[in-house]
There are 4 protein chains.
Amino acid sequence: MKTHLDDPEGGGIAAPAEPGREESSRATWRERYREVRGLTEALCTPLHTEDYVIQSMPDASPAKWHLAHTSWFFETFVLKPGLAGYRGSDPHYAYLFNSYYNAVGPMHCRAQRGMISRPTVQEVHEYRRQTDEAMEGLIARASAEEWRQVEPIVELGLHHEQQHQELLLTDLKHMFAQNPLRPAYAGPRRTVHAAGPGPVRWRHYEEGVHWIGHEGGGFHFDNESPRHRALAPAFQLADRLVTNREYLAFINDEGYRRPEFWLSLGWMTVRDQKWTAPLYWEQPDGDGWREFTLRGLGELEPEAPVTHVSYLEAEAYARWAGARLPTEVEWEIAAMAEPLRGSFVEARRFHPSPDAGDGDRTAAEAGNGSEPDEAGRDAEAAELRQMFGEAWQWTRSAYSPYPGYAAPAGAIGEYNGKFMCNQYVLRGGSCATARSHFRRTYRNFFPPEKRWQFTGIRLARDVR
Amino acid sequence: MKTHLDDPEGGGIAAPAEPGREESSRATWRERYREVRGLTEALCTPLHTEDYVIQSMPDASPAKWHLAHTSWFFETFVLKPGLAGYRGSDPHYAYLFNSYYNAVGPMHCRAQRGMISRPTVQEVHEYRRQTDEAMEGLIARASAEEWRQVEPIVELGLHHEQQHQELLLTDLKHMFAQNPLRPAYAGPRRTVHAAGPGPVRWRHYEEGVHWIGHEGGGFHFDNESPRHRALAPAFQLADRLVTNREYLAFINDEGYRRPEFWLSLGWMTVRDQKWTAPLYWEQPDGDGWREFTLRGLGELEPEAPVTHVSYLEAEAYARWAGARLPTEVEWEIAAMAEPLRGSFVEARRFHPSPDAGDGDRTAAEAGNGSEPDEAGRDAEAAELRQMFGEAWQWTRSAYSPYPGYAAPAGAIGEYNGKFMCNQYVLRGGSCATARSHFRRTYRNFFPPEKRWQFTGIRLARDVR
Amino acid sequence: MKTHLDDPEGGGIAAPAEPGREESSRATWRERYREVRGLTEALCTPLHTEDYVIQSMPDASPAKWHLAHTSWFFETFVLKPGLAGYRGSDPHYAYLFNSYYNAVGPMHCRAQRGMISRPTVQEVHEYRRQTDEAMEGLIARASAEEWRQVEPIVELGLHHEQQHQELLLTDLKHMFAQNPLRPAYAGPRRTVHAAGPGPVRWRHYEEGVHWIGHEGGGFHFDNESPRHRALAPAFQLADRLVTNREYLAFINDEGYRRPEFWLSLGWMTVRDQKWTAPLYWEQPDGDGWREFTLRGLGELEPEAPVTHVSYLEAEAYARWAGARLPTEVEWEIAAMAEPLRGSFVEARRFHPSPDAGDGDRTAAEAGNGSEPDEAGRDAEAAELRQMFGEAWQWTRSAYSPYPGYAAPAGAIGEYNGKFMCNQYVLRGGSCATARSHFRRTYRNFFPPEKRWQFTGIRLARDVR
Amino acid sequence: MKTHLDDPEGGGIAAPAEPGREESSRATWRERYREVRGLTEALCTPLHTEDYVIQSMPDASPAKWHLAHTSWFFETFVLKPGLAGYRGSDPHYAYLFNSYYNAVGPMHCRAQRGMISRPTVQEVHEYRRQTDEAMEGLIARASAEEWRQVEPIVELGLHHEQQHQELLLTDLKHMFAQNPLRPAYAGPRRTVHAAGPGPVRWRHYEEGVHWIGHEGGGFHFDNESPRHRALAPAFQLADRLVTNREYLAFINDEGYRRPEFWLSLGWMTVRDQKWTAPLYWEQPDGDGWREFTLRGLGELEPEAPVTHVSYLEAEAYARWAGARLPTEVEWEIAAMAEPLRGSFVEARRFHPSPDAGDGDRTAAEAGNGSEPDEAGRDAEAAELRQMFGEAWQWTRSAYSPYPGYAAPAGAIGEYNGKFMCNQYVLRGGSCATARSHFRRTYRNFFPPEKRWQFTGIRLARDVR
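Residues numbered from 1 in each chain as written. Chains lettered and ligands numbered in written order. Predicted model: local features only at pLDDT ≥ 70, side-chain atom pairs only at ≥ 80, totals over all residues. Heavy atoms only, no water.

## With respect to the overall build of chain A
Stage number 1. When its secondary structure is counted, chain A shows nine helices and 14 strands.
Stage number 2. Going through the 464 residues of chain A one by one, you find that 60% of them count as buried.
Stage number 3. A fraction of 80% describes how many contacts in chain A between residues 6 or more apart in sequence connect residues 24 or more apart.
Stage number 4. On chain A, roughly 18000 Å² of surface is accessible, and the fraction owed to carbon and sulfur atoms is 51%. (Helix = DSSP H or I, 4+ residues; strand = E, 2+ residues; numbered from the N terminus. Buried < 20%, exposed > 50% of the residue type's maximum accessible area, 1.4 Å probe, protein only. Contact = heavy atoms within 4.5 Å. Areas by Shrake-Rupley, 256 points an atom, 1.4 Å probe, with all protein chains shown as cover.)

Below you can see the structure in the form of structure tokens.
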């Protein structure tokens, strides 16, 4: 079995220790910089100017804002402190495009991001162009000492941009869903009449003490460290994600009307928000369910993983199903033994896909067929399916610091630590996550009532 | 004295009774149709695509929505019922661009108008083009009988569009004001160091019974009728609008901190909204006041009429000043004796201007100098100044039906009557009102706490 | 015909000009003071201590607060300025029991009145006792000059207390209605199977100029003056109030589901508040309507006047019925010609009663039979029925100042004038109004969406 | 060292296995039943009737409601299912006094508990009396088999009542704090000029795997089980609670104005709620701090433990102090080695008290001196001070299920499990907790932004 050491997590570019490799490292960085920045813009190709402007809820941001904020990050944390003679952008940008870094200065109110028609999309693209020019100059010409200083921030900035790529897609989806015209971001999906993944099989894990958290020199977020030992009792993990068909059985069993399945906060939310199904599910005439995806409104695909469920719904579903959600420790123990492959954003499916089952692992699927499906599934059957990509998997673990964790000093320290309250950990990445951004130790987190990310459910069970 | 019969109100095109004049009438209608529709689009010339999309508050609408809704009006009330074989626009438009006409069908939620990136601006312009084509066809080819039916609705539709022109400007102003960049809609105003209008003089009116409301065959809204007699006690009316300088004295006398000047609702609003000055006034460093106008942020012009004040502020100011607001009957009595001239939107000033005083009535001013100032002031000194155009004048009259008023049947009946509750009447038009839309009997109305229209203050006094 | 001069409005005690009558006047005042203050306490007889404490909505106040605030009024406006050596109550009371008099000082937040368990009911009664002692001392011993100063304030204070008696009853009713136990304030009403008032007859009034507003020396509120002339076109007035049976026909005709009957604000309120019937109507099992009254929950009485309807509902009902609401000028013209009699609070019915129709005017009814029905109806048939008492009659007149009105200086000037915005005038008194408090020129006012007062509907019609 | 086996947690009455002891067990139960129920009523002794009625915020409940709800619990879960022929209370009570047990039926809206003046306090006391009578009958006369069934529910009901005793005190405190009169629940505290507890000393704990959770047969809540092993890295724990003096240093260092100390949710809450200090701290004239306690408003006692801080504030304080909050595992590890003594509600201090320091452990203090201070401190100096009683200690552990936890079936299963979301664990009990209710494994929980409980801070540190 391949171990995770053979398959380095996340593609982080380890700072090379050997002299003489400096130059080729810079070229690699420039390439990676261009690749990440270019994907952001490529993801905007289907948009009209009007699509860039709207903030469809306080949690979301306009596409224009994502484009500008990711440049602001490089400008603020790399160029201004690190590039001599750098002459910044419009001084208002520092205010308009700061997200939440109090240490950097005051910021525009989050809920007002959709009130700003200027700078225009073209001006924002110009802002990106100028930032890129300065960044590439810095990458090319920084002294070794200077580079040593900024390299980690550049790497962080690229991962930051990749996070915003995912938000860009989910925020656009939310905006399009508000429009009675239900515009599609991408062309219609090829209908796949999947045979279905078959019944869940449970994989067994023995009690043990495991090392948890990031190991080694590659890139990782601060919240993945310190690496530490954790004791996990024996548990079982489902070999695949919960499907729409299964979730529909919960709905049809009056799942959204029976308080006994729900956390107290869940039941309150169901009633206040009048939830009757996952986000983006519609039942226009009271019969067949339809689902709005980035490819438009279509029939609900029964064998696809359920997505756009909150923690509260995942938790209620699990209780209804006689199971529970895994802890993040359990998830990581299991993930470490699996090959890191799955359907990430590079596959351009933009929606979780059915698992074809054991007999059908070779069926190639592609969103638009235009690029190599490098990050797609491979044909070799694994014990655990859909472990990576597809849909973020809610864990029952509240997002909290690992033992010994301390946020870094300064603005960068605001990146992760300050959100460790009233959020739950999600693991595994999604169809909107960049493969090169992901690691097995990656800890995503969202409040338990949020549903606009590509979130799904994998069940676990106690061993009694 | 010129009577108002010599100076027909509002330029309404009276339906011609004489045969043989039918054809020239149609040509006149086509011309007027083009003129009004063209002005809407001309007012959008300074906009970027992004500027069309945003709804900066529930009271406001995106520019794109105004463009589409005014077409929807012609489509719904003229083309669909009146043009045989008319094939409408996208069926969703009937839902998306209905404002509040319950009789026509369900409508998109007002507060969600800014969530809609599609149809795009270009598609909305195409919608207008198709509507115009169909409308011009109808104007040209309708039979005399058909035309008799639709003519009043066409005329209403054009006045409707002119109302939205004014809202378009005030909504854009509000949106730009939310942006820390404070974008300007038009170029900077020519600074006018006006000498000031001099002290207020009071014009005296004797007690009497007067005819109030629209008379004759020209266009008017239903709320201006029935013409009826009203008894007005003797009163005095200020010969001009209250200036920024005068309003500043109220502020400096702690006007916004002394409850004794305010209506109960006013005082609550001052505290809840933290009002300290009219809308769009800023005091960036605690000293000099600046004002955001459609021409950008600039110094407050002391001799210009105060604008963007609510009824509540106008009422408090009047009490502080030892006066009161006029009733709408008083205003109309006075207005009927004055020549209808003033600075309307055609002057393209986009802000109320100082009155140069008696000695300086010949100074021609223009917004951008590029078009003839047809609607500007003339040099002849009138007794009452700034009676028309500049800023809508709050009256102390709650908006209520004239004796004998009944709203027309059907959807058109929803135009005015259903708003006769918790609103106050404004008279006189503003710098954003089309001259050809205005009449002396025109009754505008807004809730007493709203400030984003070009609203101002003319004082009145009792005669004891 | 008796004129209103024969039947002085409201029982105001005109300041006697003749010397020698001073002493008997003081005795009369003491008697009236005791009578009014005593009724307040008598109205509290059915209450448990717990009933005094609760504020069931921001518009309402706890019974305890009404008891204390009415004492605060005398203390603040009579005793402190007028009684040498007066040593006031707990200094906190000035803050706790000021309602809205900014000129007097800061005040406890209105919405927090139900947060205050102390002072206890007993302490509040002690506060009333001390106030009464001081007031009676002042009435007895003030010099003629002193008395001349305070007499109008004493009279105002008593009318103020009578207003709070009405609020006390309506606030208690609202509180009891929140309780699933539906406690009754008074014993069950004697079921009256009234024959019904018969069809509405319309009384005709010719066009004319009338004097409006209070005349003569008796007590009146400032808002009833100045007396002035008003021109009223010809109109018709219904001879009686709208009944529950008639209002039910509006409901059964889908009145609450058809926007065409409603003002825009009305339709919004119907949907936001989910109104389907007047306040306090219930349909527990989807069939028969029940109504909660101060005598408990019982069957809806079809021939009783509809009550607890908002202006918005009254206006919609009138439109549905092909009529309109009267203006307050019309109402006053009609009222001046009618004998002032009706069912006021002294009748202790605590709910509007059916009118027995022409043939049955002698049927004496009583709430509990225990006291003389002094203020009840008499047997002589009048042209207009139910003109006074029973239920306040919504007019279509926004509450605004009479021509020449100016609020008095000082705190007393805050009594009426500052509420002249976004309220509508109600006329005629109700079953919760004291007869000795009422005058034909009395102008009550409430916001158009409020329903917890005893409000009803009398229709009017234009004469074409 | 005494182990916790010598000092059984919580005083639970273990079900006796031996025959023959049945009878004495019943007597013990009756005694314990009377004791607990009696304390609830004793805690109400200082109240006036008015004090029982008010709900000062949605989180709190009226005293009357606590009295009734705790009876409802016995009635619903013991008497109705377990006592043949039991004839229940008013059927409305089942609706009015259900808190959140969906399995039992619909319930009165929590936020409306203060709208209910009836049943009166006297009727509620009668409800308690009848319940007690029935309960004592059941305790005396149930067959052995019946008793076996109900005994655990009786025990749960008593612990449930003890939880409401604590809420009763904190809810009353909150209500009195809303009143500008600042009523005191109890007499003034004896001023203690404590010398101060001296500087914090850190107690060291080595890494290890520990058993966590309740052990043995005594009473415990379901959330304290299953007992399981947990791995804890080495850590240090402060030997005492943070004092007001120390917390004031945080305030004076601009703690409430510097975002760098705060969780993101904390900083938002500070700004939204305008927090500048713990709840109940006041600075009337901008200088000296005062604190409202159940004994009235007085000077802030510098050496007393800080209390009424939220998790968000505790977390920020810890960061400012260069430390962190303990996990609940760490806290339990430390607590297991300490003698279970401290100042609980039986001491009737009603506020956390200063620790006198090592030299002064013998100073006996008492709230009112009238009852034996059975639960007070003893004189033997422990390594860890203030570990139990005084103020609940926030842990950094989100409230989540222990490995293998499953909520019991039925309504009782709603007791704890459904709240395991967006809450944090508190440990140690408080001055308002009954000593006989408390165990070392006790897991209390509250949302991170709540402050009206007696919550305090004990710091921990990593060992690097």
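## A look at the relation of the copies chain B and chain A
Stage number 1. Of the two same-sequence chains, chain B is brought onto chain A (RMSD 0.0 Å, axial shift 0.1 Å) by a rotation of 180°. One copy is carried onto the other by what is essentially a two-fold rotation axis. Among all C-alpha atoms of chain B, that of E50 of chain B lies closest to the rotation axis, at 3.0 Å.
Stage number 2. Most of the interface of chain B is mirrored in chain A, where 100% of its interface residues are also at the interface. (Least-squares fit on C-alpha atoms with pLDDT ≥ 70 in both.)

## Thoughts on the interface of chain D and chain C
Stage number 1. Counting from both sides, the interface comprises 30 residues of chain D and, opposite them, 30 residues of chain C.
Stage number 2. When chain D packs against chain C, the two sides together hide about 2500 Å² of surface, and 65% of this comes from carbon and sulfur.
Stage number 3. When the buried surface of chain D facing chain C is broken down by residue, E50, M115 and R118 of chain D rank first, second and third, together holding 28% of it.
Stage number 4. At the boundary of chain D and chain C, one finds two salt bridges. (Buried area = accessible area lost by both parts, 1.4 Å probe. Salt bridge = Lys/Arg side-chain N within 4 Å of Asp/Glu carboxyl O.)

## Let's talk about the relation of the copies chain D and chain C
Stage number 1. Under the fitted operation, chain D is carried onto chain C by 0.0 Å of movement along the axis and a turn of 180°, and the coordinates agree to an RMSD of 0.0 Å.
Stage number 2. When the interface residues of chain D are mapped onto chain C, 100% of them again lie at the interface, so the same face is used by both copies.

## Describing the interface of chain B and chain A
Stage number 1. With 30 residues of chain B in contact, the opposing surface of chain A contributes 30 residues.
Stage number 2. Buried area between chain B and chain A, both sides added, is near 2500 Å², and the carbon and sulfur share of it is 65%.
Stage number 3. Joining chain B to chain A, the criterion identifies two salt bridges.
Stage number 4. Of all the secondary-structure elements, those providing two or more residues to the side of chain B that touches chain A are α3 (91-96), α4 (121-141) and α5 (144-178) of chain B.
Stage number 5. Here the side of chain B that touches chain A is composed, by residue class, of 14 nonpolar, 12 polar and four charged. (Nonpolar A, V, L, I, M, F, W, Y, C, P; charged D, E, K, R; others polar.)

## Some thoughts on the packing of aromatic side chains
In this description, an aromatic ring pair is defined by two values, namely the gap between the centres and the angle between the planes.
Residue and element names in this part refer to chain A.
Stage number 1. Scanning the model with the defined rule gives 170 aromatic pairs over all chains in all.
Stage number 2. A ring pair is formed by Y256 and W262, whose centres lie 5.4 Å apart and whose planes are at 50°; its orientation type is tilted. Each member of the pair, Y256 as well as W262, is classed as buried.
Stage number 3. The lysine or arginine in question, R443, covers the ring of Y402, its NZ or CZ lying 3.9 Å from the ring centre. (Phe/Tyr/Trp six-rings, centres within 6.5 Å; stacked < 30°, edge-to-face > 60°. Lys NZ or Arg CZ within 6 Å of the ring centre and 35° of its normal.)

## As for the packing of helix α1 (residues 22-43) of chain C against helix α5 (residues 144-178) of chain C
Relative placement of two packed helices is described by the angle separating their axes and the distance separating the axes.
Residues and elements named next belong to chain C.
Stage number 1. At a minimum axis distance of 10 Å, the contact between α1 and α5 shows a crossing angle of 20°. What the angle tells us is that α1 and α5 run roughly parallel. The way α1 lies across α5 gives a crossing that is left-handed. For the pair α1 and α5, the contacting residues are E22, S25, R26, W29, R32, Y33, V36, R37, L39, T40 and L43 in the first and A144, W147, E151, V154, E155, L158, H159, E161, Q162, Q165, L168 and L169 in the second.
Stage number 2. For the contact of α1 with α5, the class distribution of residues is 11 nonpolar, five polar and seven charged. (Axes fitted to C-alpha atoms, helices over the stretch in contact; angles between N-to-C directions. Parallel < 35°, antiparallel > 145°, perpendicular 65-115°, else oblique. Left-handed = near helix turned anticlockwise from the far one by under 90°.)

## Here's the deal with the side chain of R458 of chain D
All names here are of chain D.
Stage number 1. Among the secondary structure elements, R458 is positioned in the loop between β13 (455-456) and β14 (460-462).
Stage number 2. No salt bridge forms around the buried R458; measuring N to O, its nearest opposite-charge neighbour D239 is 6.0 Å away.
Stage number 3. At 2.7 Å, the side chain of R458 and the backbone oxygen of R385 are in polar contact.
Stage number 4. Only 2.8 Å separates the side chain of R458 from the backbone oxygen of Q386, close enough to count as a polar contact.
Stage number 5. Setting aside chain neighbours within four positions, we find R458 in contact with L237, A238, D239, R240, L241, L325, P326, W331, R385, Q386, M387 and Q393. (Lys, Arg positive; Asp, Glu negative; His and termini not counted. Polar contact = N/O pair within 3.5 Å; in protein donor to acceptor, adjacent residues only side chain to side chain.)

## Considering helix α1 (residues 22-43) of chain B
Residue and element names in this part refer to chain B.
Stage number 1. In this model, α1 (22 residues) spans 32 Å end to end at C-alpha, consistent with the 32 Å of a helix rising 1.5 Å per residue.
Stage number 2. Of all the positions in α1, only S25, R26, W29, R32, Y33, V36, R37, L39, T40 and L43 are classed as buried. The arc that holds every buried residue of α1, seen down its axis, measures 160°, which confines them to one face. Away from its buried face, by an angle of more than 90 degrees, α1 presents the exposed residues E23, E31 and E35. (Expected span 1.5 Å × (residues − 1). Arc of directions from axis to C-beta.)

## What about the environment of Q393 of chain D?
All names here are of chain D.
Stage number 1. Tracing the chain through its elements places Q393 in strand β10 (residues 392-398).
Stage number 2. Here the alpha-carbon distance between Q393 and G428, two residues 35 residues apart in the chain, equals 6.2 Å.
Stage number 3. Apart from residues lying up to four places away in sequence, Q393 is in contact with L241, W331, Q386, M387, F388, V425, L426, R427, G428, G456 and R458.
Stage number 4. From its side chain, Q393 meets the backbone oxygen of Q386 in a polar contact 3.3 Å long.

## Regarding the domain arrangement of chain A
All names here are of chain A.
Stage number 1. Segmentation of chain A into domains returns domain 1 (25-178) and domain 2 (202-462).
Stage number 2. Just the C-alpha atoms count here: the centres of domain 1 and domain 2 sit 27 Å apart.
Stage number 3. Listed per partner, the contact involves 30 residues of domain 1 and 31 residues of domain 2.
Stage number 4. With both sides pooled, the region where domain 1 packs onto domain 2 buries about 2700 Å², and carbon together with sulfur makes up 64% of that total.
Stage number 5. Applying the counting rule to domain 1 against domain 2 returns one salt bridge.
Stage number 6. In this structure, D59 engages K450 in a salt bridge whose closest nitrogen and oxygen atoms are separated by 2.6 Å.
Stage number 7. Across the contact surface, domain 1 and domain 2 share 16 residue pairs in polar contact (both at pLDDT 80 or more). (Domains from an automatic or database assignment.)

## Observations concerning the pattern of salt bridges
Residues and elements named next belong to chain A.
Stage number 1. One pass over the full model with this rule turns up 124 salt bridges over all chains.
Stage number 2. Two residues, R201 and D239, come together in a salt bridge whose shortest N-O distance is 3.2 Å. Highlighted residues: R201 in the loop between α5 (144-178) and β1 (202-205) and D239 in the loop between β4 (235-238) and α6 (244-252), separated in sequence by 38 residues.
Stage number 3. Accessibility expressed as a relative area gives 42% for R201, which makes it partly exposed.
Stage number 4. The exposure class of D239 is buried, given its relative accessible area of 3%.
Stage number 5. Residue R324 pairs with E330 through a salt bridge whose shortest N-O separation is 2.9 Å.
Stage number 6. Judged by its relative accessible area of 10%, R324 is buried.
Stage number 7. Because the salt bridges share partners, they merge into one network encompassing R37, E41, R128, D132 and E161.

## Let's talk about the side chain of R451 of chain C
Residue and element names in this part refer to chain C.
Stage number 1. With respect to the helices and strands, R451 occurs in the loop between β12 (444-446) and β13 (455-456).
Stage number 2. There is a polar contact of 2.7 Å between the side chain of R451 and the side chain of E313.
Stage number 3. Not counting residues up to four positions away in its chain, the partners in contact with R451 are W275, A277, P278, L279, H308, S310 and E313.

## A look at the packing of α1 of chain C against helix α2 (residues 63-82) of chain C
All names here are of chain C.
Stage number 1. Close contact between α1 and α2 brings their axes to 10 Å; oriented N to C, the two are set at 155°. Here α1 is positioned roughly antiparallel relative to α2, judged by the angle of their axes. Note on packing geometry: the crossing formed by α1 with α2 is left-handed. Here α1 contributes Y33, R37 and T40 to the contact with α2, which in turn contributes L67, T70, S71 and F74.
Stage number 2. Its residues assigned to classes, the contact of α1 with α2 shows three nonpolar, three polar and one charged.

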